[in-house]
Amino acid sequence: MKNRKEKKNRISAIPTDSFSDIAFLLIVYFMVATTLLKVKSIPADLPSGEKAAQAQSEKTPIVNLRGAEIFFNDKAVSMEDLTTRLAALELAQKESAQRVIMLESARGTPYENYFKALAAISSNGGVVAIVEAEEK
Amino acid sequence: MALKKKRRTVPVPVASMGDIAFLLIIFFLVCSEVSKEPDVDLISPRSAHVKKVESTVVARVAVDVNGRIYLDGVPVNAAKDVEWGVRALLTSTISDDQRHVQFKCDAKLPKETFEPVLQAIAEAGGIIEAVGDLDE
């Protein structure tokens, strides 16, 4: 009998005092664990389809990648020379149709070289047009 | 006679701290986006021209060290699948700022592997954001 009375008088309150501590701990955890991802890249707006075909004319400057060698308008250049020559063209000040630089690469050209050429062209305001090799 | 100033004890209201903390957690949970960065095995190329990307990308394409192609972290069979995938994602875009497609590729891969993927992105109408590391 006595036990029953005691049970009725018990107040079952949820302890909420530590809720704020838990919440702040969670915030701190997320702040420490979160990484703000900022990748570094180069933008390249490649013309496609008909635009690419239009871009290919005799006057359009061409960059050839043959393995480790780089050719700009059929003259062997280093990567630094390529950047200098592209800067001299002042592509950024020209209209979009005149900013096209053709990029041709031989079979087996590694992406590293391709990326460097792409970066040099894009950073100088050029629009890259990939030259497709004709299938025989 | 100098009067002693009584030090008032100002109680800091801490009752609502828990609510504020939980509101902050909910805010971060709602606003944060789970990274879609594909966890692929590759070594990024290096260039002195890479910059931190400010624009948001509509899709992420990666080509790993074995030449496997991934679209938003999901492996695809061929470059043509990338074209259709990117094309589908770009249908709901309005401006050029929404056309950026992130492209990651292993530095050693040959042209035959990565160039069809680049062309597929260009054909789909995407602006390529070629990811690389800064060459200092």
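Residues numbered from 1 in each chain as written. Chains lettered and ligands numbered in written order. Predicted model: local features only at pLDDT ≥ 70, side-chain atom pairs only at ≥ 80, totals over all residues. Heavy atoms only, no water.

Q: What exactly am I supposed to notice about the sheet that holds strand S5 (residues 100-105) of chain A here?
A: Whether parallel or antiparallel, the strands of a sheet pair through hydrogen bonds between backbone atoms. Residues and elements named next belong to chain A. Sheet architecture is open: 5 strands sit in the order S4-S3-S2-S5-S6, paired in mixed fashion. The open sheet has two edge strands with one neighbour each: strand S4 (75-77) and strand S6 (127-130). Neighbouring strand axes in the sheet, compared pairwise and without regard to direction, differ in orientation by 30° on average. Judged from the 4 bridges that link them, S5 and S6 form a sheet pairing that is parallel. Residue pairing in the sheet places Met102 in a bridge with Ala129 of S6. (Pairing = 2+ DSSP bridges. Helix = DSSP H or I, 4+ residues; strand = E, 2+ residues; numbered from the N terminus. Axes fitted to C-alpha atoms, helices over the stretch in contact; angles between N-to-C directions.)

Q: Where do I start with the confidence of the model for chain B in this structure?
A: One rule of thumb: low pLDDT means the predicted coordinates there are not for detailed reading. Chain-level pLDDT for chain B is 84 on average; 94% of the residues reach the 70-or-more range. Between the elements of chain B, mean pLDDT differs from a low of 82, seen in strand S2 (residues 51-52) of chain B, to a high of 92, seen in strand S4 (residues 69-71) of chain B. (pLDDT = per-residue confidence, 0-100.)

Q: What's the story with the nonpolar core in this structure? I'm lost.
A: Here is a general trend for soluble globular proteins: nonpolar side chains tend to be buried in one another's company. Among the nonpolar cores identified, the biggest contains 47 residues, and Val63, Leu82 and Leu103 of chain A together with Val61, Phe103 and Val117 of chain B are the most heavily contacted of them. Broken down by element, this core gets its largest block of residues, 8 residues, from helix H5 (residues 111-123) of chain A. Aside from chain neighbours lying at most four places away, what touches Val117 of chain B is Val61, Val63, Ile69, Ala79, Val82 and Phe103 of chain B. (Core = buried A, V, L, I, M, F, W, Y, C linked by side-chain atoms within 4.5 Å. Buried < 20%, exposed > 50% of the residue type's maximum accessible area, 1.4 Å probe, protein only. Contact = heavy atoms within 4.5 Å.)

Q: How should the environment of Glu112 of chain B be read in this particular structure?
A: Within the secondary structure, Glu112 of chain B is located in helix H3 (residues 111-124). Considered as a pair, Glu112 of chain B and Gly67 of chain B are 45 residues apart in the sequence and their alpha carbons are 9.9 Å apart. Excluding residues within four positions of it along the chain, Glu112 of chain B makes contact with Arg107 and Gly108 of chain A. Within the structure, the side chain of Glu112 of chain B is placed 2.9 Å from the backbone nitrogen of Gly108 of chain A, a separation counted as a polar contact. (Polar contact = N/O pair within 3.5 Å; in protein donor to acceptor, adjacent residues only side chain to side chain.)

Q: Sorry, what's going on with the packing of helix H4 (residues 79-88) of chain A against H5 of chain A here?
A: In a pair of packed helices, the angle between the axes and the distance between the axes together describe the arrangement. Residues and elements named next belong to chain A. Look at H4 against H5: their axes get within 9 Å of each other, and the N-to-C directions meet at 25°. The angle between H4 and H5 places the two elements in the roughly parallel class. Handedness of the H4/H5 crossing: right-handed. Across from Met79, Leu82, Thr83 and Leu86 in H4, the residues of H5 making contact are Asn113, Lys116, Ala117, Ala120 and Ile121. When its residues are assigned to classes, the contact of H4 with H5 shows 6 nonpolar, 2 polar and 1 charged. (Parallel < 35°, antiparallel > 145°, perpendicular 65-115°, else oblique. Left-handed = near helix turned anticlockwise from the far one by under 90°. Nonpolar A, V, L, I, M, F, W, Y, C, P; charged D, E, K, R; others polar.)

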